[in-house]
Amino acid sequence: MSIRLENVSYRYLEDTPMETEALSNVSLEIKDGEFVGIIGPTGSGKSTLIQHFNGLLLPSSGKVWVDGVDLTHKDTQLRKIRQKVGMVFQYPEHQLFGETVLEDVGFGPQNGGLSQEEVVERVRRALAYVGLDFEELKDQSPFELSGGQKRRVAIAGVLAMEPSVLILDEPTAGLDPKGREEILDEIRALHKERGITVILVSHSMEDVARLVDRLIVMHQGRVALDGTPVEVFRQAETLKELGLGVPQVTELMHELKAKGLAVNTDILTVEEAEEEIVRVMGGQK
Amino acid sequence: MRFRNLTIGQHIPGDSIVHRLDPRTKILGTVLLIVLLFSVDGFVGYAMAGLAIALVIHLSELPWRYVIRGLRPLMVILLLTVGLNLFLTEGEPLFRLWFLTITKQGLVRGLMMGVRLVLLIMGTSLLTLTTSPIQLTDGIETLLSPFRRIGVPAHELAMMMTIALRFIPTLLEETEKIMKAQMARGADFQSGGLMQRAKNLIPLLVPLFVSAFRRADELAIAMEARGYRGGEGRTKFRELRFGRMDAVAMVLSVVYTVVVGVLF
Amino acid sequence: MKTEPLIRFSNVSFTYAKGPGREGWQALQDVSLEVYEHEFVAVLGRNGSGKSTLAKHVNALLTPTSGQVVVAGLDTSVPEHVWEIRQKVGMVFQNPDNQLVATTVEEDVAFGPENLGIPPAEIQRRVTEALAAVDMLPYRLHPPHRLSGGQKQRVAIAGIVSMRPKCIVLDEPTAMLDPAGRREVMRTIHRLNREEGITVLHITHHMDEVIGADRVLVMDQGRIVLEGSPREVFSQVELLRELHLDVPQVTDLGQRLRKRGVNVPPGILTVNEMVMHLCPSD
């Protein structure tokens, strides 16, 4: 299932003296099964962009197609689209409302018109996916869970719709290193095992370098860079001008090369850096 | 997006004589206006009150359309008031519409009620247009503080008002976020009858309330950490000071109200 | 002769009482530490390590179940001392929004001094100074909701600075900020420490934020398990991993390279250091 944007612009407060253009003429296509990262400084339009993927926002001009369906067409049932394109917002635990975990996680599939048995099944699977036990938690109030559990329940609430596309806006926000690692591992597994298209909005260069196949860099409402992580992080100068960085090891390799060391600078992870430096420096001293 | 345009209190900053008056003067002036409006009888009386309002609008250097705009949200109440008086007052019938009768007395009363309401709204609009929310809370707090000895919690009321004003925009933003998050899970806030729509609001209201309580808790701790322990011993960053203009304005307002109220 | 520490914890333990939906649990176990004036001390630890609980003991938001906390010579468990302690030790919290109480920036920065009963003319002066110190003077009439996260936190810091404290405790102040906001806040607190001499106690789980500290305390399960300079602490990569803390990529890399026989010292903190060690300048 693909998502396609054609010349999409989005303007806030149109026709008022305070009109601002949050997206300017964006065209892109996200293909089925891709793992895409979206990065950019605050205010670059990332949030506005992803809200066009599930029709929470409709373009001021331009068109959006999801799975071949034109979202701007008046007959399009946006609620159906949202079952297929799931979105996890920042701090998703702030949306919890159900009296029980079952009720909350089941909200999505329920709105999708599934039977009660199917809803229960979906909830069971979704909770298992985030490492929580259905039997133990189904009748508990979501408000009595720990912080980490609350976030997992909230994410399960989106997974329960079993969407083909999963959009996550900074899913690790506010988590400590262990929490971050766990969530990112689960997301990677989701992509690998289920073949879901994953779109990850993040502020961490290191995280996206490790995980995504494709990186889109937003700047002032436009797509500034679009390519594989290696391709994008080669453009260290451009990224700096945009107010962004590169993974620390990538920066290190660039500095080493500048000092005359003949290293490959297409390095994105610590492991790659280790191998490359050992290769160049020999292991002895 | 529809929330972004909301200007709390509709305060329009400016440098006119009215803007620079002490907020207490303006609050008391508004109170006097209300007293006046309820003690006059007959159109001449209302006209006199209207004259005073027109003078203040002129002195405030505000475009008339801003003051008129304050009437729009209350249009329904206005029409209801006028209508009820028009059709339900006993007396000499003038017209007959269907099964409703408009009497002469009804016409007079309806119009008078309408005029009174319009003047009332315009007068209070003037208060909020020329006085910032901070000034209003400071003014109310200072006016009420002499009554602390008899148990009026002046400082606490002012603190509550300030915090409410501070958080309204933040809570509105949060409402929007929660709405979108639930819509992303298929929530429908638009269709359905009254009962259904009320039920559909639960996924919006519960998180909002939970969040509001959490905010209140964290804010209270932060305030305590900054040495807050109620109104005792507190000083104020901004002190209100009566000026010559305030004295003049107060005297004129009192005299005018008494004279017009008695004569008309 | 050694000077008296500004803050001293003596065998402090703290247990959270059992509550609705929550078991009682011991958050601090026999913690002893000292913080001296003008120091920049960082406290590292994962969620649940007790670091936040520790922070709240410094300004008497919590008092020990056993042991003693003395701040500027005042025992925190004495109710009469609390007010004075809170003037000497200010605290900045995680959520930028839920600390700002007034409708404009300058009103909020004035809140602390107002509580202290400072005369209005003096408050005016302090508000201006504090806003200048955090570089937010142009925003003095702004309402809080129109500020970015980093800006809000700087205003919160100004609100403490205006009380002229000896020490500022920051409890994960950057947890909810974007990278730009984090940089703003870290720059601000380092400057306040360097130029105004304000003691800083910085609680965080971000390793890169402790690099500039004078001293680092690492907590786990209510105890201090590691203490030293940033370099000393960062050398213990394995231990930090076990404690579920992250090290910066260069530090991790440094340790791996050492294992592979490349000669770099332990505890490398920055890219520059690594470059210097791998390519010594001729």
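Reading the values: rules and limits
- Residues numbered from 1 in each chain as written.
- Chains lettered and ligands numbered in written order.
- Predicted model: local features only at pLDDT ≥ 70, side-chain atom pairs only at ≥ 80, totals over all residues.
- Contact = placed C-beta atoms within 7 Å.
- Helix = DSSP H or I, 4+ residues; strand = E, 2+ residues; numbered from the N terminus.
- Nonpolar A, V, L, I, M, F, W, Y, C, P; charged D, E, K, R; others polar.
- Pairing = 2+ DSSP bridges.
- Axes fitted to C-alpha atoms, helices over the stretch in contact; angles between N-to-C directions.
- Buried ≥ 20, exposed ≤ 12 C-beta atoms within 10 Å, placed from the backbone.
- Domains from an automatic or database assignment.

> Before we go on, may I ask you to explain the interface of chain B and chain A in this structure?
How big an interface is tends to be expressed through the accessible area that disappears when the partners come together. Taken together, the contact pairs 19 residues of chain B with 21 residues of chain A. Among the secondary structure elements, those contributing two or more residues to the side of chain B that touches chain A are α8 (154–183) and α10 (202–225) of chain B. Its residues assigned to classes, the side of chain B that touches chain A comprises 11 nonpolar, three polar and five charged.

> Hey, could you run me through the sheet that holds strand β9 (residues 215–220) of chain C in this one?
In sheet architecture, strand pairing relies on hydrogen bonds along the backbone and comes in two forms, parallel and antiparallel. Residue and element names in this part refer to chain C. Taken in spatial order, the six strands of this open sheet run β6-β7-β8-β3-β9-β10, and their pairing is mixed. Either end of the sheet is taken by a strand with one partner, and the two such strands are β6 (89–92) and β10 (223–228). Direction aside, neighbouring strands of the sheet carry axes that sit 20° apart on average. As paired elements, β6 and strand β7 (residues 167–171) share four bridges and run parallel to each other. Residue pairing across strands places M91 opposite V169, the latter belonging to β7.

> Quick question: what am I supposed to make of the interface of chain A and chain C here?
The interface is formed by 29 residues belonging to chain A together with 29 residues belonging to chain C. Classifying every residue of the side of chain A that touches chain C by side-chain character gives 12 nonpolar, eight polar and nine charged.

> Looking at this model, I keep getting lost on the sheet that holds strand β9 (residues 214–219) of chain A. Mind explaining?
Residue and element names in this part refer to chain A. Strand order in the open sheet formed by six strands is β6-β7-β8-β3-β9-β10, and the pairing between neighbours is mixed. Taken across any chain shown, the strands that pair with only one partner, and hence form the sheet edges, are β6 (85–88) and β10 (222–227). Strand-to-strand, the axes of this sheet are offset by a mean angle of 15°, without reference to chain direction. Pairing of strand β7 (residues 165–169) with strand β8 (residues 197–201), which is carried by five bridges, proceeds in the parallel orientation. By the bridge assignment, L166 is partnered in β8 with V198. Packed on one face of the sheet, helix α8 (residues 177–194) meets β3 (35–39), β7 and β8 and runs near 155° to β8.

> Got a minute to help me understand the environment of R226 of chain B in this structure?
Topologically, R226 of chain B is positioned in the loop between α10 and α11 (244–263). Classification of R226 of chain B as buried rests on a count of 26 C-beta atoms within 10 Å. Contacts of R226 of chain B, omitting those with residues within four sequence positions, involve F111, G112, N115, G159 and M163 of chain C.

> Is there a simple way to think about the domain arrangement of chain B in this case?
Split by domain assignment, chain B resolves into domain 1 (1–131 + 239–264) and domain 2 (155–233). Relative to domain 2 of chain B, the C-alpha centre of domain 1 of chain B lies at a distance of 33 Å.

> How do you make sense of unusual backbone geometry when you look at a structure like this?
For residues that are not glycine, phi is negative in most cases, and the peptide bond is trans in most cases. You will see that N7 of chain A, though not glycine, has its phi angle at about 50°, which is positive. Relative to the assigned elements, N7 of chain A resides in strand β1 (residues 3–12). Its 12 C-beta neighbours within 10 Å are what place N7 of chain A among the exposed residues. The phi angle at D135 of chain C is positive, at roughly 65°, despite the residue not being glycine. Here D135 of chain C lies in the loop between α4 (120–133) and α5 (149–161). By C-beta crowding, D135 of chain C is classed as partly exposed, having 15 other C-beta atoms within 10 Å.

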